[in-house]
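Breakdown of the fold
For reference, the chains in residue letters:
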Amino acid sequence: QLVESGGGLVQAGGSLRLSCAASGLTFSNYGMGWFRQAPGKEREFVAGISWSGGRTNYANSVKGRFTIFRDNNKNTVYLQMNSLKPEDAAVYYCAAQISGLGLSSGYNYWGQGTQVTVSS
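As a starting point, this report considers the structure included with it. (Residues numbered from 1 in each chain as written. Predicted model: local features only at pLDDT ≥ 70, side-chain atom pairs only at ≥ 80, totals over all residues. Heavy atoms only, no water.)

Right, let's get into the overall build of the chain. In terms of helices and strands, the chain carries 0 helices and 11 strands. With the C-alpha coordinates aligned to their principal axes, the bounding extent of the chain is approximately 40 × 25 × 25 Å. Taking all 120 residues of the chain together, the buried fraction comes to 46%. The contacts in the chain between residues at least 6 apart in sequence include a share of 57% that link residues at least 24 apart. Summed over all atoms, the accessible surface of the chain reaches about 6000 Å², with 45% contributed by carbon and sulfur. Computing the positive centroid from 10 side-chain charges and the negative centroid from 6, the chain places the two 6 Å apart. (Helix = DSSP H or I, 4+ residues; strand = E, 2+ residues; numbered from the N terminus. Buried < 20%, exposed > 50% of the residue type's maximum accessible area, 1.4 Å probe, protein only. Contact = heavy atoms within 4.5 Å. Areas by Shrake-Rupley, 256 points an atom, 1.4 Å probe, with all protein chains shown as cover. Lys, Arg positive; Asp, Glu negative; His and termini not counted. Charge placed at Lys NZ, Arg CZ, Asp CG, Glu CD.)

Below you can see the structure in the form of structure tokens.
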């Protein structure tokens, strides 16, 4: 089970930190990712992190603003979002990837999502 939290309303230029708590799986074996879906748009990859945390990758649209990191002792992955823009508004989902690599596709388990709203 993956449970996201930390979403909310923030002004443009502000920051939010999303959390995703995992249970029922050996968290430290899984790559983890964050995706988002805005109304009327397809779900898109935002960021991924490998099982150890040693490798990360980001969508071009968030590079330099968002940071993904994980705490394997707490079975939690985070997404620190800075310099938020109105176009970042979406439902954000975390996902777990059996391969452990944290790639941009090929995820096996999904959370229910948390809403992020950015006011201009």
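The next point concerns the state of the cysteines. Cysteine pairs can be linked by a disulfide, which is a covalent bond between their two sulfur atoms. Applying the stated rule across the entire model yields 1 disulfide. A disulfide bridge connects cysteine 20 with cysteine 94, and the sulfur atoms are separated by 1.9 Å. Of this pair, cysteine 20 sits in strand E3 (residues 16-22) while cysteine 94 sits in strand E9 (residues 90-97), and the two are 74 residues apart along the sequence. In terms of burial, cysteine 20 and cysteine 94 fall into one category: buried. (Disulfide = S-S within 2.5 Å.)

A full pass over the atoms with the stated rule returns 6 aromatic pairs. Ring geometry for phenylalanine 69 and tyrosine 78: centres 4.9 Å apart, planes at 20°, overall stacked. By relative accessible area, which is 13% here, tyrosine 78 ends up buried. Every member of this aromatic cluster is reached through a ring pair, and the members are Phe35, Phe45, Tyr107 and Trp110. If you follow arginine 43 out to its NZ or CZ, it ends over the ring of tyrosine 93, 5.6 Å from the centre. The ring of phenylalanine 27 carries the charged tip of arginine 70 above its face, separated from the ring centre by 4.4 Å. (Phe/Tyr/Trp six-rings, centres within 6.5 Å; stacked < 30°, edge-to-face > 60°. Lys NZ or Arg CZ within 6 Å of the ring centre and 35° of its normal.)

A separate point is the sheet that holds strand E8 (residues 76-81). Overall, antiparallel pairing links the 4 strands, which are arranged E1-E3-E8-E7 in an open sheet. Edge positions in the sheet fall to strand E1 (2-5) and strand E7 (66-71), since each has one partner strand and no second. Neighbour-to-neighbour, the strand axes of the sheet open up by a mean angle of 15°, direction not taken into account. Note: E1 against E3, 4 bridges, orientation antiparallel. By the bridge assignment, serine 5 is partnered in E3 with serine 19. (Pairing = 2+ DSSP bridges. Axes fitted to C-alpha atoms, helices over the stretch in contact; angles between N-to-C directions.)

This part covers the environment of valine 10. Structurally, the position occupied by valine 10 is in strand E2 (residues 8-11). Separated by 65 residues in the primary sequence, valine 10 and asparagine 75 place their C-alpha atoms 26 Å from one another. In contact with valine 10, other than residues within four places in its own chain, are Ser15, Leu16, Leu84, Thr117, Val118 and Ser119.

This next bit is on unusual backbone geometry. At asparagine 75, a residue that is not glycine, the phi angle is positive and equals roughly 55°. Along the chain, the position of asparagine 75 falls in the loop between E7 and E8. If you check the backbone angles, serine 83 has positive phi at about 50° while not being a glycine. Among the secondary structure elements, serine 83 is positioned in the loop between E8 and E9.

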